[in-house]
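Examination of the molecular architecture
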Amino acid sequence: MVKGLYFHVPFCSYKCPYCDFVSVVDAPVGHEEYFSLLLKELSLYQDLNFYLKTLYFGGGTPSSVSPVLYEKFLGGLSTLVDLSRVEEVTIECNPESYGLEDFRILRSLGFNRVSIGVQSLREEGLKTLGRKHSVRDAIMSIKNAQKAGFENINIDLIYGYPGQGLEELREEIEILSCLGVSHVSFYLLTPYEDTQFGQLYQRGLLSLPDQDTLADMYQLICESLESMGFLHYEISNFALPGFECKHNLIYWTHEEFFGLGVSAWSFVQNERFGNTRNIKLYIHKVKQEQKPIEYWEKLKDKEKIYDYIFVALRTSLGVDKNLIPQLPEGLEEFFTEEKGKLKLNKRGMLLINEILLKLRQEIFT
Ligand code: SF4
C-alpha cells in the first residue's frame, strides 16, 4: 500500500550554486498546466493501492506557486485518491516567497507542516550559498508561519560551506535556538559534480573546511540540538518529540511511496522507479498519456535487504541485527546494539558512505 505521495515542483526563480535538484528558472510550462499534468500522470496509475498518510510538495520551490492553485490542485487530487487518512501535508518554502496571508490560506487548505529553506543564519553564509534572501527574511518567514498556526515547522540549514568554521557555526546555532521551530534538517554541503560548486571544487577553486573541522562541526550540531531537546532521529535530521517527519520516515522505514512530477522517485511492491529529469520530455510523455519513467528496477532478495539497510541505518531506529549477523572486520567500533537492533553511533554516522560500501560488499559476495 502506498503511504506517501510526493509532488515535485520544479520552478525556481534562480539556481543556487550547490543545488542538484531538478529545477528550472524559465520553465517551458506554466504552473497551472504543470499541476494539471501531475494529476494526469497520477491517473495513468489506476492499478496502485493507496493508503495515504502523507503528502509532500518538494522542489524546486513549491512556494513559488500561488496558494490558490494548491486549493484547486488538492480538490482535483481528492477526486483521484482517498485523502481521508492523511495526517501530514508538507510544503517546502523559500523564505522570500510567502507572507502571512499565504500561510493562512495554506493552513486552511490542510497543510500542517512547512519546511523553510533557510540554509544559513549568517548573511555571509547566505551570500556564499548564492541565496537571494536575508536572515531577516528567514526569521520573518518562520514567524509568519507560526502566526498562521503552523506548529510543525522545519528549517533546512547547510554546514561546511566555504568560510564557515566552528565559531560561525556556533553563531548560527545560537540564533537557531531562539526560533521556536520543531524540526531542523542540517545538511553537509556536498559539491555535486554537475553543480556550479562541483565544477569549482574539481578545479580546486572551492575551499571547504577540512575533514577534522567537519567532524567537529557535526559533533557541535548534534550536541547543541540534543541539549535543546531535539531528538537526533536521522543522520541530518533533528525533531522535537512528536515532530519527526512522517513522510520521510516512510522512505527510511522502507514503506511504499509514490512520486509525481519531473525527476520524482517511487518505491512500490519492490519496484523502484524514477521519472525523467528532462522537463520537456516529462511534459511530452504525460500529454501523450505515457508514464514518464526513465529508470526502473525490481529489487531481488539481496537488493531488497541492502536497500532496507541503506535507508534504515540512517535513522535512530537502526536495522534488525539478524540482517547483519556478522559485521565486516573493522566496522564494530561504529555500531551500537540495542534490543536486537544495530545502530550507527555518531562516528559511524559521519562515515556512513564508507560503511555502506563495506556492507554492500559483504552482502553481495
Ligand atoms: S536550492 Fe532550492 S531554491 Fe535553490 S535552486 Fe535548488 S531547489 Fe531552487
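About the criteria used
Residues numbered from 1 in each chain as written. Predicted model: local features only at pLDDT ≥ 70, side-chain atom pairs only at ≥ 80, totals over all residues. Helix = DSSP H or I, 4+ residues; strand = E, 2+ residues; numbered from the N terminus. Buried ≥ 20, exposed ≤ 12 C-beta atoms within 10 Å, placed from the backbone. Contact = placed C-beta atoms within 7 Å. Pairing = 2+ DSSP bridges. Core = buried A, V, L, I, M, F, W, Y, C linked by C-beta atoms within 7 Å. Domains from an automatic or database assignment. Expected span 1.5 Å × (residues − 1). Arc of directions from axis to C-beta. Right-handed = clockwise from strand over helix to strand, strands pointing away. Nonpolar A, V, L, I, M, F, W, Y, C, P; charged D, E, K, R; others polar. Axes fitted to C-alpha atoms, helices over the stretch in contact; angles between N-to-C directions. Parallel < 35°, antiparallel > 145°, perpendicular 65-115°, else oblique. Left-handed = near helix turned anticlockwise from the far one by under 90°.

1. Focus: the overall build of the chain
- In terms of regular secondary structure, the chain is built from 13 helices and 15 strands.
- Residues classed as buried in the chain amount to 37% of the 365 residues present.
- If you take every contact in the chain between residues at least 6 apart in sequence, the share linking residues at least 24 apart comes to 70%.

2. Some points on the environment of tyrosine 70
- Summarising the element assignment, tyrosine 70 is placed in helix H2 (residues 67-78).
- Taking the number of C-beta atoms within 10 Å as the measure of exposure, tyrosine 70 has 24 and is therefore buried.
- The spacing of tyrosine 70 and glutamate 333 is 263 residues in sequence and 48 Å in space, taken between C-alpha atoms.

3. Section: the sheet that holds strand S13 (residues 319-320)
- With antiparallel pairing, the 3 strands of this open sheet are ordered in space as S13-S15-S14. On the outer flanks of this sheet lie S13 and strand S14 (335-338), each paired with one strand and no other.
- In this sheet, strand S15 (residues 341-344) lies alongside S13 in antiparallel orientation, the contact comprising 2 bridges. Bridge pairing in S15 links aspartate 320 to lysine 341.

4. Digging into the nonpolar core
- Ile116 and Val184 are the most contacted members of the largest nonpolar core, which totals 85 residues.
- Residues lining this core come from more than one domain, with at least three contributed by each of domain 1 (2-250) and domain 2 (313-365).

5. As for H2
- For H2, built from 12 residues, the straight-helix expectation of 16 Å at 1.5 Å per residue is met to within 8% by its first-to-last C-alpha distance of 17 Å.
- Listed in full, the buried residues belonging to H2 are Tyr70, Phe73 and Leu77. The arc enclosing the buried residues of H2, seen along the axis, measures out at 65°, which places them on a common side. In H2, the exposed positions angled more than 90 degrees off the buried face are occupied by Val68 and Gly75.
- On its buried face, H2 sits against helix H1 (31-43) and helix H3 (100-109).

6. What about the pairing of strand S2 (residues 50-59)?
- A large share of S2 lies buried, amounting to 8 of its 10 residues.
- In this sheet, S2 lies alongside strand S1 (residues 2-9) in parallel orientation, the contact comprising 7 bridges. Its bridge partner being in S2, glycine 4 is matched across the sheet by threonine 54.
- Handedness of the crossover joining S1 and S2 through H1 is recorded here as right-handed.
- As judged from the 4 bridges shared by S2 and strand S3 (residues 88-93), these two strands associate in the parallel manner.

7. Some details on the domain arrangement of the chain
- Considered domain by domain, the chain is made up of domain 1 (2-250) and domain 2 (313-365).
- With centres defined by C-alpha atoms, the gap from domain 1 to domain 2 works out at 28 Å.
- With 8 residues of domain 1 at the contact, the number on the domain 2 side is 7 residues.
- For the side of domain 1 that touches domain 2, the secondary-structure elements that each account for two or more residues are helix H8 (211-227) and strand S7 (231-234).
- For the side of domain 1 that touches domain 2, the element with the highest residue contribution is H8, accounting for 4 residues.
- Each residue belonging to the side of domain 1 that touches domain 2 can be placed in one class, and the counts come to 5 nonpolar, 2 polar and 1 charged.

8. Looking at the packing of helix H6 (residues 166-176) against H8
- Interaxial distance between H6 and H8 falls to 10 Å at its minimum, and their mutual angle equals 20°. Of the possible angle classes, the one that applies to H6 and H8 is roughly parallel. The two elements H6 and H8 meet at a crossing, and its hand is right-handed. Where H6 abuts H8, its residues Leu166, Leu169, Arg170 and Ile173 lie against Thr213, Asp216, Met217, Leu220 and Ser224.

9. Considerations on the packing of helix H11 (residues 301-312) against helix H13 (residues 352-364)
- As a packed pair, H11 and H13 sit with axes 10 Å apart at the nearest point and diverge in direction by 160°. Classified by the interaxial angle, the pair formed by H11 and H13 is roughly antiparallel. When you trace H11 past H13, the crossing you get is right-handed. Contacts between H11 and H13 pair Lys302, Ile305, Tyr306, Ile309 and Phe310 from the former with Leu356, Leu359, Arg360, Ile363 and Phe364 from the latter.
- Of the residues contributing to the contact of H11 with H13, the split by class is 8 nonpolar, no polar and 2 charged.

10. Focus: unusual backbone geometry
- Going from glycine 59 to glycine 60, the amide bond is cis rather than trans, its omega being 15°.
- Looking at where glycine 60 falls in the secondary structure, it is placed in the loop between S2 and H2.
- Backbone geometry at serine 263 places phi at a positive 70°, although glycine is not the residue there.
- Relative to the helices and strands, serine 263 resides in the loop between strand S9 (256-260) and strand S10 (265-268).
- Even without glycine at this site, asparagine 270 takes up a positive phi of about 60°.
- One can find asparagine 270 in the loop between S10 and strand S11 (271-275).

11. Here's the deal with the environment of lysine 287
- Residue position: lysine 287 is located in helix H10 (residues 279-287).
- Of the residues examined, lysine 287 has 12 C-beta atoms within 10 Å and is grouped as exposed.
- Along the backbone, lysine 287 and leucine 126 are 161 residues apart, and their C-alpha atoms lie at a distance of 39 Å.

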